[in-house]
Amino acid sequence: MSFFGDLFKKSKTDAIYEVKSPNSRVVLTFMLDRGQISYYVKKDDKVIVRQSRLGIALKDAAPLADGFGIVRAYSRMVDDTWKAYWGEQHVIRNNYNETAIYLEETERPARLLTLRFRVYDDGVAFRYEIPAQPEMKNMVVSDELTEFAVDANSRSWSIPAYQPDRYEYEYIEHPVHALTDSVHTPLTIATPTGYYISIHEAALYNYGAMTLKLNNGNLKSDITPLSDGMRAYVELPFSTPWRTIIIGHDALDLTTSRMILNLNDAPREDFSWVEPTKFMGIWWAMYVGEWTWAPGERHGATTEHAMQYIDACKNLGIPALLVEGWNDGWEGDWLENGANNKFCEATPDFDMKIVTDYGRANGVELVGHHETVGFIDNYEAQMEDAFKFYQKYGIRYIKTGYAGSKMVINGRREFHHSQLGVLHYQKTVELAAKYHIMLDIHEPIKGTGIERTYPNLMTREGARGQEYEGGAIQPSHACFLPYTRLLAGGMDYTPGILDVTNFAKRMSTTITRQLAYYLTIYSPMQMAADRPQIYENMAPDLFEFIRDVPVKWERTIPLLGEVGKSFVLARQAWESSDWYIGGITNEEARRVDLYIDFLEPQVNYVAKIYRDSEDAHYRDHQLGHVVEERIVRNGDHVEMYMAPGGGFAIKLHKQ
Ligand code: NOJ
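Everything quoted here is computed from the prediction, not taken from an experiment.

Peer 1: Go over the sheet that holds strand E16 (residues 183-184) with me, naming the residues and quoting the values.
Peer 2: The strand order E13-E20-E19-E16 describes an open sheet built from four strands, whose pairing is antiparallel. Each edge of the open sheet is held by one strand with a lone partner, namely strand E13 (147-148) and E16. Both E13 and strand E20 (residues 218-223) contribute to a ladder of two bridges, which runs antiparallel. Across the sheet, the residue bridging to Glu147 is Lys220, located in E20.

Peer 1: I'd love a proper account of the sheet that holds strand E12 (residues 138-144), names of residues and values included.
Peer 2: An order of E7-E6-E12-E21 is seen for the four strands of this open sheet, with the pairing classed as antiparallel. The sheet is open, and its two edges are formed by strand E7 (61-64) and strand E21 (232-235), each paired on a single side. Geometrically, the sheet is characterised by an average inter-axis angle of 35° between neighbouring strands, direction not taken into account. Taken together, the three bridges between strand E6 (residues 56-58) and E12 define a ladder with antiparallel strand orientation.

Peer 1: An account of the site of the ligand is needed here, citing residue identities and associated values.
Peer 2: In the region of the ligand, 13 residues are neighbours, and Trp283, Glu324, Glu371, Lys399 and His442 sit closest. In this structure, an oxygen atom belonging to the ligand sits 2.8 Å away from a side-chain N or O atom of Trp283. One nitrogen or oxygen atom from the side chain of His369 is found 3.4 Å from an oxygen atom belonging to the ligand. Here the residues of the shell around the ligand sort into five nonpolar, two polar and six charged.

Peer 1: Before we move on, can you summarise the environment of Trp326 with the specific residues and values?
Peer 2: The residue Trp326 is located in the loop between strand E25 (320-323) and helix H5 (352-361) in this model. The class for Trp326 is buried, based on a relative accessible area of 1%. Between the alpha carbons of Trp326 and Leu431 there is a distance of 22 Å; along the sequence they are 105 residues apart. Setting aside chain neighbours within four positions, we find Trp326 in contact with Ala301, Phe343, Cys344, Glu345, Ala346, Thr347, Phe350, Met352, His369, Phe389 and Tyr390.

Peer 1: An account of the pairing of strand E17 (residues 187-190) is requested, with residue identities and associated values reported.
Peer 2: Neither face of E17 is left uncovered, since the one carrying Leu187 and Ile189 and the one carrying Thr188 and Ala190 both have all their residues buried. Sheet topology note: the strand E14 (residues 155-158)/E17 ladder contains three bridges and is antiparallel. Within E17, the residue paired with Ser156 across the bridge is Ile189. The antiparallel hairpin formed by E17 and strand E18 (residues 196-202) contains five residues in its connecting segment, where Gly194 sits at a positive phi of about 95°.

Peer 1: For the packing of helix H9 (residues 513-520) against helix H11 (residues 540-548), give the residues involved together with the corresponding values.
Peer 2: At a minimum axis separation of 10 Å, H9 and H11 run at an interaxial angle of 10°. Relative to H11, the element H9 lies roughly parallel. Facing Leu515, Tyr518 and Leu519 of H9, the residues of H11 in contact are Leu542, Phe545 and Ile546. Its residues assigned to classes, the contact of H9 with H11 shows six nonpolar, no polar and no charged.

Peer 1: Can you explain H9? Please cite residues and give values.
Peer 2: With eight of its eight residues buried, H9 lies for the most part within the structure. If you check which residues of H9 are buried, you get Arg513, Gln514, Leu515, Ala516, Tyr517, Tyr518, Leu519 and Thr520.

Peer 1: Before we move on, can you summarise unusual backbone geometry with the specific residues and values?
Peer 2: For the bond running from Arg108 to Pro109, omega is 10°, close enough to zero to count as cis. Along the chain, Pro109 turns up in the loop between strand E9 (91-105) and strand E10 (112-120). Here the bond from Leu236 into Pro237 is cis, since omega is 0°, no more than 30 degrees from zero. Relative to the elements of secondary structure, Pro237 occurs in the loop between E21 and strand E22 (238-239). Look at Ala203: it is not a glycine, yet its phi comes out positive at around 60°. Inspection of the secondary structure assignment puts Ala203 in the loop between E18 and strand E19 (210-215). You will see that Glu575, though not glycine, has its phi angle at about 45°, which is positive. On the secondary structure map, Glu575 appears in the loop between strand E34 (566-573) and strand E35 (579-585).

Peer 1: Which residues make up the packing of helix H6 (residues 376-392) against helix H7 (residues 419-434), and what values go with them?
Peer 2: Here H6 crosses H7 at 10°, and the two axes come no closer than 10 Å. Relative to H7, H6 is oriented roughly parallel. Residue-level contacts link Ile376, Tyr379, Glu380, Met383, Glu384 and Phe387 of H6 to His424, Lys427, Thr428, Leu431, Ala432 and Lys434 of H7. Its residues assigned to classes, the contact of H6 with H7 comprises six nonpolar, two polar and four charged.

Peer 1: Lay out the pattern of salt bridges with the relevant residues and their values.
Peer 2: What the rule picks out here adds up to 38 salt bridges. Across the pair Glu98 and Arg116 runs a salt bridge, and its minimum N-O distance is 2.8 Å. Taken as a pair, Glu98 in strand E9 and Arg116 in strand E10 lie far apart in primary sequence, 18 residues in all. Summarising the burial analysis for this pair, Glu98 and Arg116 share the class buried. Among the salt bridges present, the one from Asp357 reaches Lys353, with a minimum N-O distance of 2.7 Å. Placement of the pair is Asp357 and Lys353 together in helix H5, with a separation of four residues, close to one helical turn. Residue Asp357 is classed as partly exposed on the basis of its relative accessible area, which comes to 30%.

Peer 1: Please give an account of the side chain of Ser523 that cites residues and values.
Peer 2: Its place among the elements puts Ser523 in the loop between H9 and strand E32 (525-527). If we skip the residues at most four places from it in the chain, Ser523 touches Thr459, Met491, Asp492 and Val551.

Peer 1: Account for the nonpolar core, with residues named and values stated.
Peer 2: Ranked by internal contacts, the top residues of the largest apolar core, which has 186 residues, are Phe30, Leu103, Ile130 and Leu219. If you tally residues by element for this core, the top one is H6, at seven residues. Beyond its immediate chain neighbours, meaning those up to four positions away, Ile130 contacts Ile56, Leu64, Leu112, Leu113, Met136, Met139, Leu236, Pro237 and Phe238. Within the second largest apolar cluster, 20 residues are counted, among which are Val568, Val603, Tyr605 and Met640.

Peer 1: A description of helix H4 (residues 303-316) should follow, citing residues and the corresponding values.
Peer 2: Taking 1.5 Å of rise per residue, the 14 residues of H4 would be expected to cover 20 Å, and the 20 Å separating its terminal C-alpha atoms lies within 8% of that figure. Those residues of H4 lying buried are Thr303, His305, Ala306, Tyr309, Ile310, Ala312, Cys313 and Leu316. In the segment just after H4, Gly317 is the residue with positive phi, at about 85°.

Criteria and thresholds
- Every chain's residues receive numbers from 1 upward, in the order its sequence appears when written.
- For this predicted model, a pLDDT threshold of at least 70 governs which residues receive local features, and a threshold of 80 or more governs which side-chain atom pairs are given and counted, while totals over whole chains, interfaces and linings are taken from all residues.
- Processing note: side-chain calculations cover all non-hydrogen atoms of the structure and skip hydrogens and water entirely.
- Two strands form a pair only when DSSP identifies at least two bridges running between them.
- Secondary structure elements follow DSSP: runs of H or I no shorter than four residues count as helices, runs of E no shorter than two count as strands, and numbering proceeds from the N terminus.
- Think of each axis as a best-fit line through the C-alpha atoms, taken over the contacting stretch in the case of a helix, with angles from 0 to 180 degrees between the N-to-C directions.
- Here a residue counts as near a molecule or strand whenever at least one of its heavy atoms sits within 4 Å of it.
- We call two N or O atoms a polar contact when they sit within 3.5 Å, provided that within protein one can donate a hydrogen and the other can accept it, with sequence-adjacent residues counted only if both atoms are side-chain atoms.
- Residues are grouped as follows: nonpolar covers Ala, Val, Leu, Ile, Met, Phe, Trp, Tyr, Cys and Pro; charged covers Asp, Glu, Lys and Arg; every other residue, Gly included, is treated as polar.
- Note on exposure labels: buried denotes an accessible area under 20% of the residue type's maximum, exposed denotes more than 50%, and partly exposed covers the range between, all computed with a 1.4 Å probe on protein chains only.
- Here a residue-residue contact requires only that any non-hydrogen atoms of the pair lie within 4.5 Å.
- Working definition: roughly parallel below 35 degrees, roughly antiparallel above 145 degrees, roughly perpendicular at 65 to 115 degrees, and oblique for all remaining angles.
- Put simply, a salt bridge is a Lys or Arg side-chain nitrogen that is within 4 Å of an Asp or Glu carboxyl oxygen.
- Note on terminology: a nonpolar core comprises buried Ala, Val, Leu, Ile, Met, Phe, Trp, Tyr and Cys residues joined through side-chain atoms within 4.5 Å.
- Here the expected span of a helix is defined as 1.5 Å times the quantity of residues minus one.

These results come straight from atomic positions and should not be treated as a statement about function.
Spelled out as structure tokens, the structure:
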């Protein structure tokens, strides 16, 4: 008997193996039952996942699912600590027990399969490893058989998979037994026994993304298919992404897990050149209809506008500027004509040299833009030249985009989250790293923690963002994100739209909630998304917060909240004694009593508070707000009011 795993082996084809978390409270049991493989998970002796099937189905070959005998099992304990280049937490502990079970079919062709399990105090992970072997050189995966047999009466919050707008949907609550159509991960679930779990995956490379769907009453992996219906074509040796289950006692626990990052490898090269940033953009003016992406009378991306915006960035203290619509290809219906995009050619009214020289002279960097519209063949043909082009002008950041319901890859229409889509995104990240370029990916593949290995992958969209405002976002939406989408990593939600009452694009938020987003939605490339004249004229008192709020954090402490209802957290600035507290609520007003127990004791902090006024409301009094200062000490209670659709932000600085 070992202290972290026990093997009860009856025969070669019948064995039970327990893998325990470092604190022994989470136990994953692997079962080999007459050659068939399965697992179940318990926490504190309560069943979290009932016995669930494992296996991979193959085209033109028997599935890798039964007929196995155990060859050997190998266990180890890992307790490491690593430092992030940026993030919500600077120093991260990676502590788990691992068991690898080596299996071999008992009959010819005697194929080999390894199952690797890692059990953490906050959840479990496992993956299939298919070694190089004489009888199998490659595999065509027709289905993955992995099940997650959670209680079907659990509640769950999800977005649908295989939809035209990719991941950009509002979250819906369903009982698990109603998940008959595929949903994306992370899938958040509350069990009737009082646990919150998140099913997701880590280190997604060269494989279709996992979606989940009911099959015979159990949740089962549904790997995104390619256009021929297959899920993946791989050469051996091959390891699947990690299948992950984070387990918490409440929804806030899920937000503190670093398991997804921990399951990814440390960077293989030096990334000390990466640098989180904040940027404005020739962007929202297009959304409110003042400017256009396409050339013409109201073209946004002109040399003149870019220089004006650079002046504004300099005056406002924002270090970078995104320019969308500077390149050839936006004429006409750009969503239809995406195959014409040229990534190294500017429109006649935009001069990249003048603009970047002017930016450099004024201490403002450009954020480049590549809208591929999902025409991958067109993009990949130009990609390296396009990165070189930006590098020549000293551009270190690119926002990429993949609008369009499917991608065009090798002349065929493929899902963004299929194996071919995953391969494309990966190629982009690696090529960007080669040119020391950092990425903000819109319409991305979902996050699976690969930014630990490639820290130049700064942020992603990958959920319904603020551009859907003006009708298609409910105040509850941003209260779902921390417990769902954000468990997959940072998000570019494009916060900071202070022109909340704009008739063309009315926000479903109060004005102070726009500040709270900088705290509740993490992104190391964070946008100040509104137009400069708004920051200069409309709300300079609020803009100072947007300017000063950090983009990386020493540590993060969730304070209170419930899925879809509210979220309040505290963050300590990176290598600093400053703290920030932010909160948001759904359609309902909320008064929260925050107990402050994380500040340095016996020290006065000046708290600058940006909050909703008592009469503020996201529908008819969005601008109602109060900015005030008070002294806060460790051990104090701070009461905060959040109006319907509102929120607050506080900066705490030692007096
Ligand atoms: C969709 C992106 O999310 C948005 O930010 C961008 O402006 C448009 N595509 C055009 O590229």
